[in-house]
Amino acid sequence: MSYLVRNLPRHADETVTVTGWIAAVRVHARVAFLVLRDGTGTVQGVLVKSQLPTDVWELATSLTQEACVALTGVVRPDPRAPGGHELTVSSVALIGASEEYPIQPKEHGVEFLLDHRHLWLRSSLQRAGLRVRAEVEQAIHDFFYERDFVRIDTPILTGSIGESAGTLFETDYFGERAFLAQTGQLYAECACPAFRKVYCFGPTFRAEKSKTRRHLTEFWMIEPEVAFNDSNDNMDLQEDFVCSIVARAVERCGPELELLERDPVRLETVKPPFPRISYSEAVERLNDEGRAFEWGRDLGAVEETTISSWFDRPVFVYNYPKGAKAFYMKENPDDPRTVLCNDLLAPEGAGEIIGGSQREDDLDRLLARIREEDLPEEAYNWYLDLRRYGTFPHSGFGLGLERTVGWITGRPHIRELVPFPRLINRLSP
RNA sequence: UCCCGCGUAGCUCAGCUGGUAGAGCAGACGGCUGUUAACCGUCGGGUCGCAGGUUCGAGUCCUGCCGCGGGAGCCA
């Protein structure tokens, strides 16, 4: 029977077999150490030459990095072992050999690592980051499930466009133009009258030629949509949501965050309420601080960093100028120059992790906006039907999974927080 | 698309004002009872991104191209 490394402390002094991959081999004249990783943890196997048959010693000392093996031996507590327990090995079986494993336990360049992403996944920091991602994904589903949201899977191949045509990946669909979805929002909105509270969670695609630590061409986005929520309700939901998933990561991913050297104090301050500052207030304060900024322009990366530096937790910036935002956002009745929307800026330079808004629910205003932006009206016909048959106030937002996990883990580049990143210039592995 | 930086051994890098190629790691072999990215010794390993140019002589200087990284814009 095979045991999991995670459970070994419960089997002290028993003879067990563990299976996994060799992380390190250290051979001396009369003693050797094998470090084995099995996906649940790592354990050090100790081999004493004088106590082993020659063939076992020969096999064990010829093992190479990432060879797949089964080790049988007695579990012993030992303060010299990482993890407190080690395995005094009595036999070794080679399951899969590994010759000249490319990734060494030392520094490598980004390009080399990304070329070997299929192997890089085995490295400790990568495992930690991806485990946090998986926990956050589960936390997201749990959050919405517990609040009676219905998950709606929206299409990835679409014939219509989301926000702006310049950033779509185009493909051929039996002779017709098709695009990879850059948002599921318009579809989620349609499901709203069916279920009242819905969300979608899937990959989205942007053909932006961005080369920064915050951009992927394929990223995962969570987009809730709630009937009868106004813009303030929308921000309340975002606040609850973000606090919930951060708390879950802190609660369940302690060892991973420690390995990633993430200061838990920076995450424990993520509690409601988040500060809320209107776009206009933010512009005023930027100007007061001597950072000349003209009302009407969209906030750039520099401005966002400045604004988030004013606070110790994520900050909402709401009600941007109409010209800076998408056509489907509802005009602000108190200031028609602006729309009812918000971004959520994460601290520590992590930047924008959420964009949300109350949607325009008036048919004529929405049509006018589509024409203003020179968008193809026919493509939005089905979307406009939503305003023809029982239109209703509703709001939603999109949270970028990789940016959020990047902020939670404190990793410098979000490409590490997705198993196989798709970047400009990178389509494989 | 624009701005800045980088490209030398399998990997990470050094190589000064131009003088003819180096280290560590990895690999192979040898040594060492307890290592934590073990350590010590020996050996093999190069189209200095590509193409031109300047020069007696270019890894080094100049031009163009290619690739990569960071940033801007745009966005999550």
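Scroll up to find the structure.
Cut-offs applied
- Residues numbered from 1 in each chain as written.
- Chains lettered and ligands numbered in written order.
- Predicted model: local features only at pLDDT ≥ 70, side-chain atom pairs only at ≥ 80, totals over all residues.
- Heavy atoms only, no water.
- Near = heavy atom within 4 Å.
- Polar contact = N/O pair within 3.5 Å; in protein donor to acceptor, adjacent residues only side chain to side chain.
- Helix = DSSP H or I, 4+ residues; strand = E, 2+ residues; numbered from the N terminus.
- Nonpolar A, V, L, I, M, F, W, Y, C, P; charged D, E, K, R; others polar.
- 1 Å grid on protein atoms, 1.4 Å probe; cavity = no way out; pocket = protein on both sides within 12 Å on 5 of 7 lines; lining within 4 Å.
- Points joined across faces, edges and corners; volume = space filled by probe spheres on them.
- Phe/Tyr/Trp six-rings, centres within 6.5 Å; stacked < 30°, edge-to-face > 60°.
- Buried < 20%, exposed > 50% of the residue type's maximum accessible area, 1.4 Å probe, protein only.
- Lys NZ or Arg CZ within 6 Å of the ring centre and 35° of its normal.
- Pairing = 2+ DSSP bridges.
- Axes fitted to C-alpha atoms, helices over the stretch in contact; angles between N-to-C directions.
- Parallel < 35°, antiparallel > 145°, perpendicular 65-115°, else oblique.
- Left-handed = near helix turned anticlockwise from the far one by under 90°.
- Contact = heavy atoms within 4.5 Å.

Trainee: Could you give an account of the protein's contact with RNA strand B, with specific residues and numbers?
Mentor: Close to RNA strand B lie 46 residues; Arg26, Arg30, Lys106, Ile353 and Arg403 are nearest. The sugar and phosphate moieties of RNA strand B supply 51% of its atoms located within 4 Å of the protein. Side-chain polar atom of glutamine 44 to a base oxygen of RNA strand B: 2.6 Å apart, as the coordinates give it. For the surface near RNA strand B, the elements supplying multiple residues, two or more each, are strand E2 (15-27), strand E3 (31-37), helix H2 (110-115), strand E12 (218-227), strand E16 (351-358) and strand E17 (394-400). Broken down by element, the residue count for the surface near RNA strand B peaks at 4 residues, all from E16. Partitioning the surface near RNA strand B into residue classes produces 13 nonpolar, 14 polar and 19 charged.

Trainee: A description of the layout of surface pockets should follow, citing residues and the corresponding values.
Mentor: In this structure, the largest pocket spans a volume of roughly 1400 Å³. Thr42, Ser123, Ser124, Arg127 and Leu259 are, among the 47 residues lining the largest pocket, the residues nearest its centre. For the lining of the largest pocket, the element with the most residues is helix H4 (residues 124-146), which contributes 7 residues. The residue makeup of the lining of the largest pocket, split by class, is 20 nonpolar, 14 polar and 13 charged.

Trainee: Describe in detail the packing of aromatic side chains, supporting the description with residues and values.
Mentor: Scanning the entire structure with this criterion turns up 18 aromatic pairs. For the ring pair phenylalanine 144 and phenylalanine 241, a centre distance of 4.9 Å and an interplane angle of 35° mean the geometry is tilted. Of the two residues, phenylalanine 144 sits in helix H4 while phenylalanine 241 sits in helix H6 (residues 231-252), which places them 97 residues apart along the sequence. Each of the two residues, phenylalanine 144 as well as phenylalanine 241, counts as buried. Ring geometry for phenylalanine 327 and tyrosine 328: centres 5.4 Å apart, planes at 75°, overall edge-to-face. Judged by relative accessible area, tyrosine 328 falls into the buried class, the value being 4%. Clustering of aromatic rings is evident, with ring pairs tying together Phe143, Phe144, Phe149, Tyr199, Phe241 and Phe397. Looking at arginine 387, its charged tip hangs above the ring of tyrosine 383, at a distance of 4.3 Å from the centre.

Trainee: I'd like a rundown of the sheet that holds strand E8 (residues 157-158), residues and numbers included.
Mentor: In space, the 3 strands of this open sheet follow the order E8-E10-E9, with antiparallel pairing throughout. Unpaired on one side and paired on the other, E8 and strand E9 (170-173) mark the two borders of the sheet. Across 2 bridges, E8 lies against strand E10 (residues 176-180) in antiparallel orientation. Its bridge partner being in E10, leucine 157 is matched across the sheet by leucine 180.

Trainee: Quick rundown of the packing of H4 against helix H13 (residues 401-409)? Include the residues and the values.
Mentor: Axis separation between H4 and H13 bottoms out at 10 Å; the angle between their running directions is 120°. With respect to each other, H4 and H13 are oriented oblique. The chirality of how H4 crosses H13 is right-handed. Residue-level contacts link Gly129, Val132, Arg133, Val136, Glu137 and Ile140 of H4 to Leu401, Glu402, Val405, Ile408 and Thr409 of H13. Residues belonging to the contact of H4 with H13 are distributed by class as follows: 6 nonpolar, 2 polar and 3 charged.

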